[in-house]
Each structure stands twice: as C-alpha cells, then as structure tokens.
Amino acid sequence: MSKREILFAGLIIIISFTPIVHAFVVTPKRDLLVFTEELKSKNVSELEKLIEKGNDSESDKMSLIFDELGNRTDSQSKDLLEKYAKKYKKEIDKSPFAKRPYTNTQINLAKQKSGGKDSDKYIDELEKLLISKNKNIQQDIVAFELSNTLTVKARNVLLKYEKGTGIGAVFRQYRLKKDFGNLDDVKFVEAILKSARDQIANGEKELSAERTILGSRMIESPFSIVLLEEEIKKPSLDNPVYRDFIRESLERMRNSENTYYLGFSELWERYKKKESGLLTDLEKIYKDDTYTKYDVMYREKAYEMYLTLQMERDGLNNQQTIAEYLLRQLKGTGDGHVSDYTEKGQKSLQAIEDVVRVRLLSRLGEEILPIIDKELIIETQEQRKEALTYIKKQIMLSKSVK
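First things first, this report covers the structure right here in the doc. (Residues numbered from 1 in each chain as written. Predicted model: local features only at pLDDT ≥ 70, side-chain atom pairs only at ≥ 80, totals over all residues. Heavy atoms only, no water.)

### Comments concerning the packing of helix H6 (residues 99-114) against helix H8 (residues 139-147)
So, step 1. Look at H6 against H8: their axes get within 9 Å of each other, and the N-to-C directions meet at 45°. By the criterion of interaxial angle, the relationship of H6 to H8 is oblique. For the element pair H6 and H8, the recorded crossing hand is right-handed. Where H6 approaches H8, its residues Arg100, Thr103 and Ile107 are matched on the opposing element by Ile141, Val142 and Glu145. (Axes fitted to C-alpha atoms, helices over the stretch in contact; angles between N-to-C directions. Helix = DSSP H or I, 4+ residues; strand = E, 2+ residues; numbered from the N terminus. Parallel < 35°, antiparallel > 145°, perpendicular 65-115°, else oblique. Left-handed = near helix turned anticlockwise from the far one by under 90°. Contact = heavy atoms within 4.5 Å.)

### Examining the side chain of Thr151
So, step 1. Mapped onto the elements, Thr151 comes out in the loop between H8 and helix H9 (152-161).
So, step 2. Thr151 has contacts with Asp120, Ile123, Lys178 and Leu397, leaving out every residue within four places of it along the chain.

### Some points on the environment of Glu204
So, step 1. Within the secondary structure, Glu204 sits in the loop between helix H11 (185-201) and helix H12 (208-220).
So, step 2. If we ignore the near neighbours within four places in the chain, the residues touching Glu204 are Gln199 and Val241.
So, step 3. A distance of 2.8 Å separates a polar atom in the side chain of Glu204 from the backbone nitrogen of Glu206. (Polar contact = N/O pair within 3.5 Å; in protein donor to acceptor, adjacent residues only side chain to side chain.)

### Here's the deal with the side chain of Arg172
So, step 1. Its location among the elements puts Arg172 in helix H10 (residues 167-180).
So, step 2. Judged by relative accessible area, which is 9%, Arg172 ranks as buried.
So, step 3. With residues up to four places along the chain from it excluded, the contact list for Arg172 reads Glu162, Ser195, Gln199, Ala209 and Glu210. (Buried < 20%, exposed > 50% of the residue type's maximum accessible area, 1.4 Å probe, protein only.)

### Topic: the packing of aromatic side chains
So, step 1. All chains considered together, the criterion is met by twelve aromatic pairs.
So, step 2. Ring geometry for Phe264 against Tyr298: centres 5.9 Å apart, planes inclined by 80°, an arrangement best described as edge-to-face. Linking Phe264 in helix H15 (residues 264-272) with Tyr298 in helix H17 (residues 296-313), this pair joins segments that are 34 residues apart in sequence. The pair formed by Phe264 and Tyr298 is uniform in burial state, with each residue classed as buried.
So, step 3. Aromatic pair Tyr303 and Tyr306: ring centres 6.2 Å apart, planes at 20°, arrangement stacked. Of the two residues, Tyr303 and Tyr306 are both situated in helix H17; the distance of three residues between them amounts to about one turn of the helix.
So, step 4. Cluster of aromatic residues (ring-pair linked, three or more members): Phe66, Tyr84 and Tyr88.
So, step 5. The lysine or arginine in question, Lys61, covers the ring of Phe35, its NZ or CZ lying 5.0 Å from the ring centre.
So, step 6. Between Lys274 and the ring centre of Tyr271, over which it is positioned, the NZ or CZ distance is 5.2 Å. (Phe/Tyr/Trp six-rings, centres within 6.5 Å; stacked < 30°, edge-to-face > 60°. Lys NZ or Arg CZ within 6 Å of the ring centre and 35° of its normal.)

All quantities given are derived from atomic positions and should not be read as evidence of function.
Below, the structure written as structure tokens:
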C-alpha cells in the first residue's frame, strides 16, 4: 500500500471549498491494509460488485477500490473507472460530496494514462486536472496527491499554484510540508516560523498555511509546543501579526498537549540536559504496548530520543557510521503493511522502531546516498528495499529544496 493511499484513506476531514465540509468515520488502519491486500487478488468483475455493494461512495474502502483499479493497466479497469466517473459526475448536482469520489476516479485515470505514479508524466496529468475547466474537480484532493508524490516536479507544481487566494493556501500548506517535512523538529519549526515572517514581509496577514502545518505537526510531534514557548518569550519579529500568530498557535497546541503528549515538556527538558537515568525511562515508554498511557506517536518520539542518546553514548558522531548503524537494524518502512500491526490492530514494536530509523536516515542527507545505493543493489527483501527507496527519494527531494 502506497503512502498516498494510506494517507488518503486515513483523512478524517477533507478540506473543501464547497459550502459544506464533510466529516466521515475512518476505518482502522490495519483493516484497510488487510482490505488492500485482498483487493489485489480480485478480478475487475469482483471489484465492481464491491463498488455496487458499498453504501458510501466516500468511504475509505471505496477509495481503495478505485486506487486498486488505478494501479492496473488493463482496459477493463480503465473502462470501469470511466463508468463510475460518469456516474459520480451526474450525482454532483444532487450532492457536492460526489466531487470527492469523482475526483478520485479522475486521479486514478491519470495514473493509468501515465503508466504509474512514480513519473513526471503522472505529475503532468495531475497538473492538467488542476488547470482544467472542469469545475467538478476538487483541487485540494489533487493537491494532496501531489504532496504525497516524492518527486521534485510535484513540489514545483504546488509552488506554482500557491500564490492564489483561497485554494492557494492549501497548495502552500502542502508545499511547505513537502519542503520541510523531512527536517527534524527544531529545524522544521524554525523553517515554518521563517516562512511566516517572510509572508508578513510580503503583506500577508492570515498565515493560514503556516497555522495549519504547525497544528498538524503538534499532533505528529510534541517538540513544536516546546519550541514555540521559547519563541514567544523572545519573538524573532517584533510585529503584532507575528506575535498573534505565535500566541494563537501556542494556545491551540497547549489545548492539545494533555490529549496527545501528557508530560512531554518535562521529558524534553530532561533530554536536553542528558539527565542520568533518562535512557531507562525512554526505553520503558517506547516499549509500553499497553496503549493505556502512551500512543504510537508518543512512543515513536521516545524511541527517537532514546536512539539518538544511545548513538551519542556509543560514539557514533558522523553520518556514515550513524547510517551504517541504523541500516543494520532496518527491516522496512514500519508503515503500510499488515505485518506492521498486531492482530489487535496495534502497531508492533518493530514497526515503531523502523519508522524512527527511516526518519533519522532520511535526515542524514545526500552524503549517505552512496551507502543507500550500495544497499539497494544487493537488497532482495521487498520491505527493506521499499524502505531504502523511500529514504533515497526523501533525501533527493530535500536536496532539491536547498
């Protein structure tokens, strides 16, 4: 299952510029992964029966059926996508919510036309959807697809269309995430704050893209609130718009802290001081699979700190030795496979550790590309090869932004 498919299927709310914003229930991730694997063995007739059986054209599973059709190259799959594209187009007059499944069919037809999503031709097809006069195309969904395609060209298309009003803020949000999402938490927040200051210098007052991306990073990482608390004490820009931006962002994060990362600020202070006994406490947190106190992202952050401290303790102080150390333990991406979850639907410890290893390897930069290329040549294990390919794409994308 691709990164885009997981993220697309996992969206709780689709940003929409129609008069109504629609929320829907999200299926547990492991169930979606099992469903995706099942789809691969079904023929087109069986997929059509599943579509007809589905009660909600906007459901997670319905999106995955269309994604499976888009991954195929046969004429029957193409014909079925075109059939439902026409069906949903007729339904749009009755319900604006039909725009989402209609747009999904168009994205998958573009994927088929370009021979797959890992090509510049696919990005060209997505841009055609953006600039088409088809008012039924939901541009934010196309922008989301561009944001999860690890190509430089996709990033440049987002940049091209971010300057407009309204939907332009969504393109900017996705472009910022693409440019800076691979940075560590400190550099990420610094980059977004700089972006906010640059926008203010250009006369912008809303800063909606920066607000949104900081808020989403808070859910992914507790470091954001700690860094903003430092920024508000001594703002980098003495400007009322900037001060309000920091204050409001911080208030939102504080409201969320108890929900997601209770007690993390204290843990972070101990981490900065390299406090004695911290390694033991971090190990207890990231290995706690009871899910009564720490969720997956908290455990991932605890393991990231644990691993960083452990490498420092072991004297790993250059990119090559760090890369070699992390690669020796890497099994896969830690995301996107049924094997990453237990029967109860909880993320496995191996998957949590691999997610962090992939993250840290991606941040090491282009200096480790020769090591990654060497590993790719000899690697035969599918999930590990997938992880190496993903790391390489992330590094190449980050390199292009500099």
